[in-house]
Amino acid sequence: MKSTLAANRFKTHNNKSKELVASKFHSTLRNVRIVINTGIDKNTGKAIAGKQAQFKAVFINNQSQWRTIATGSTFKGTGRFGSALTAIEVGADEASTCKRCGTKNFKAKSGNVVCANACWTRWAGRNSKTDANRRNAAASKYNRKASNQKARAKAASNAAASKKKKLACEPNPQIAAHYADIKVGQLVKVVLSSGDVSPFVGMVTKAETVSARPHDLLKNVSVQWMHNGVTEQLSNYCKPGIVSWLEVVS
């Protein structure tokens, strides 16, 4: 595990617990780090009973606090390290953002999903009298047009439900474009993030959907390389110029 972390440019944490924890910056997002709890003892290198490896993505806010914005599934060993790392980077990229300032959101202890930079505190100093007048005016307007507002609210609710149902059935084409359609039996090559194509050809032996992912498009892909017979765990995530990806050649 330590050699795998070093190869992927993770830096170990000087944490108080005995578990080995490491992190690195996200490949494209600013102020986001990918953290891994390895589930192994940092001194002995042995597995800790009852623990497994798990990735999470954290946003470092303007007060240097680490806020978790995405959490990956657990795994053992290094066999799924590459696909799990890709999955958490995608999860961080697709995590929701604050409607006011565009910062990533996180789930607070209260259970509410809020801005990682707590931008709502900027509005706390408003004049209370002005706020009271505004609330009174809004209440008066509501009383005058209660029936119309109720009708508009129902229409908006129906439209939102219809849109949600449509999105659930039809993946966002911009998101879907980031996932290659890879099937068992196809021949593939690796295209590096630099654009260079690996000369080695492998056969897809397994392509399994990753549970709890957006639109069920992300897959764990097993490729057996013809030049050495080794089977490697990869994924179908495809974002040229950002990460290495699989290209179907036959």
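The structure we're discussing is the one just above.
Residues numbered from 1 in each chain as written. Predicted model: local features only at pLDDT ≥ 70, side-chain atom pairs only at ≥ 80, totals over all residues. Heavy atoms only, no water.

### Structural notes on the overall build of the chain
Link 1 in the chain: For the chain, the helix and strand inventory stands at five helices and 12 strands.
Link 2 in the chain: Looking at the 250 residues of the chain, the share that counts as buried comes to 31%.
Link 3 in the chain: Contacts in the chain between residues at least 24 apart in sequence constitute 41% of all its contacts with a sequence separation of at least 6.
Link 4 in the chain: If you sum the accessible surface of the chain, you get close to 15800 Å²; carbon and sulfur atoms cover 51% of it. (Helix = DSSP H or I, 4+ residues; strand = E, 2+ residues; numbered from the N terminus. Buried < 20%, exposed > 50% of the residue type's maximum accessible area, 1.4 Å probe, protein only. Contact = heavy atoms within 4.5 Å. Areas by Shrake-Rupley, 256 points an atom, 1.4 Å probe, with all protein chains shown as cover.)

### Comments concerning the pattern of salt bridges
Link 1 in the chain: In the structure shown here, the tally under the stated rule is two salt bridges.
Link 2 in the chain: The shortest N-O distance in the salt bridge between Lys51 and Glu19 comes to 3.8 Å. In this pair, Lys51 is assigned in the loop between strand S3 (32-41) and strand S4 (53-60) and Glu19 in strand S2 (residues 19-25), connecting sequence segments 32 residues apart.
Link 3 in the chain: The exposure class assigned to Glu19 is buried, which follows from its relative accessible area of 8%.
Link 4 in the chain: Here Lys183 ties to Asp181 by a salt bridge, and the two come within 2.7 Å at their closest N and O atoms. (Salt bridge = Lys/Arg side-chain N within 4 Å of Asp/Glu carboxyl O.)

### A word on the sheet that holds strand S5 (residues 66-75)
Link 1 in the chain: Strand order in the open sheet formed by five strands is S1-S2-S3-S4-S5, with antiparallel pairing between adjacent strands. A strand with exactly one partner marks an edge of an open sheet, and here the two such strands are strand S1 (11-12) and S5.
Link 2 in the chain: Across seven bridges, the pairing between S4 and S5 is antiparallel. Following the sheet pairing, Ile60 is matched in S5 by Trp66.
Link 3 in the chain: Against the sheet, helix H2 (residues 81-93) contacts S2, S3, S4 and S5, and its axis sits at roughly 150° relative to S5. (Pairing = 2+ DSSP bridges. Axes fitted to C-alpha atoms, helices over the stretch in contact; angles between N-to-C directions.)

### Here's the deal with the pairing of strand S8 (residues 187-191)
Link 1 in the chain: The pairing of S8 with strand S9 (residues 202-209) spans two bridges and is antiparallel. By the bridge assignment, Val188 is partnered in S9 with Gly202.
Link 2 in the chain: As defined by bridge partners, S8 adjoins strand S12 (residues 245-248) across four bridges and the pair is classed as antiparallel. When the sheet's bridge partners are listed, Val191 is paired in S12 with Trp245.

### Quick word on the state of the cysteines
Link 1 in the chain: Here the structure, examined in full by the defined rule, presents zero disulfides.
Link 2 in the chain: There is no disulfide at Cys101, and the cysteine sulfur nearest it, in Cys115, is 3.6 Å away.
Link 3 in the chain: Judged by its relative accessible area of 30%, Cys101 falls in the partly exposed class.
Link 4 in the chain: Unpaired in this structure, Cys119 has its nearest cysteine sulfur neighbour in Cys98, at a distance of 3.6 Å. (Disulfide = S-S within 2.5 Å.)

### Regarding unusual backbone geometry
Link 1 in the chain: The phi torsion at Arg9 lies on the positive side, around 65°, for a residue other than glycine.
Link 2 in the chain: Mapped onto the secondary structure, Arg9 falls in the loop between helix H1 (2-7) and S1.
Link 3 in the chain: What makes Arg9 exposed here is its relative accessible area of 69%.
Link 4 in the chain: Located in the positive-phi region is Ala118, a residue other than glycine, with phi close to 50°.

### Quick look at the sheet that holds strand S11 (residues 231-235)
The pairing of strands in a sheet happens through backbone hydrogen bonds and is either parallel or antiparallel.
Link 1 in the chain: Here we have five strands laid out as an open sheet, ordered S11-S10-S9-S8-S12, and antiparallel in their pairing. One side of each edge strand has no neighbouring strand; the edge strands of this open sheet are S11 and S12. If you compare each strand with its neighbour and ignore which way they point, the axes differ by 45° on average.

### Quick notes on the packing of aromatic side chains
Link 1 in the chain: Evaluated as defined, the whole model comprises five aromatic pairs.
Link 2 in the chain: Both rings, one in Phe10 and one in Phe55, keep their centres 6.1 Å apart while their planes meet at 45°; by these two values the pair is tilted. Taken as a pair, Phe10 in the loop between H1 and S1 and Phe55 in strand S4 lie far apart in primary sequence, 45 residues in all.
Link 3 in the chain: Given the relative accessible area of 2%, Phe55 is considered buried.
Link 4 in the chain: Among the aromatic side chains, those forming a connected cluster through ring pairs are Phe10, Phe55, Phe75 and Phe81. (Phe/Tyr/Trp six-rings, centres within 6.5 Å; stacked < 30°, edge-to-face > 60°.)

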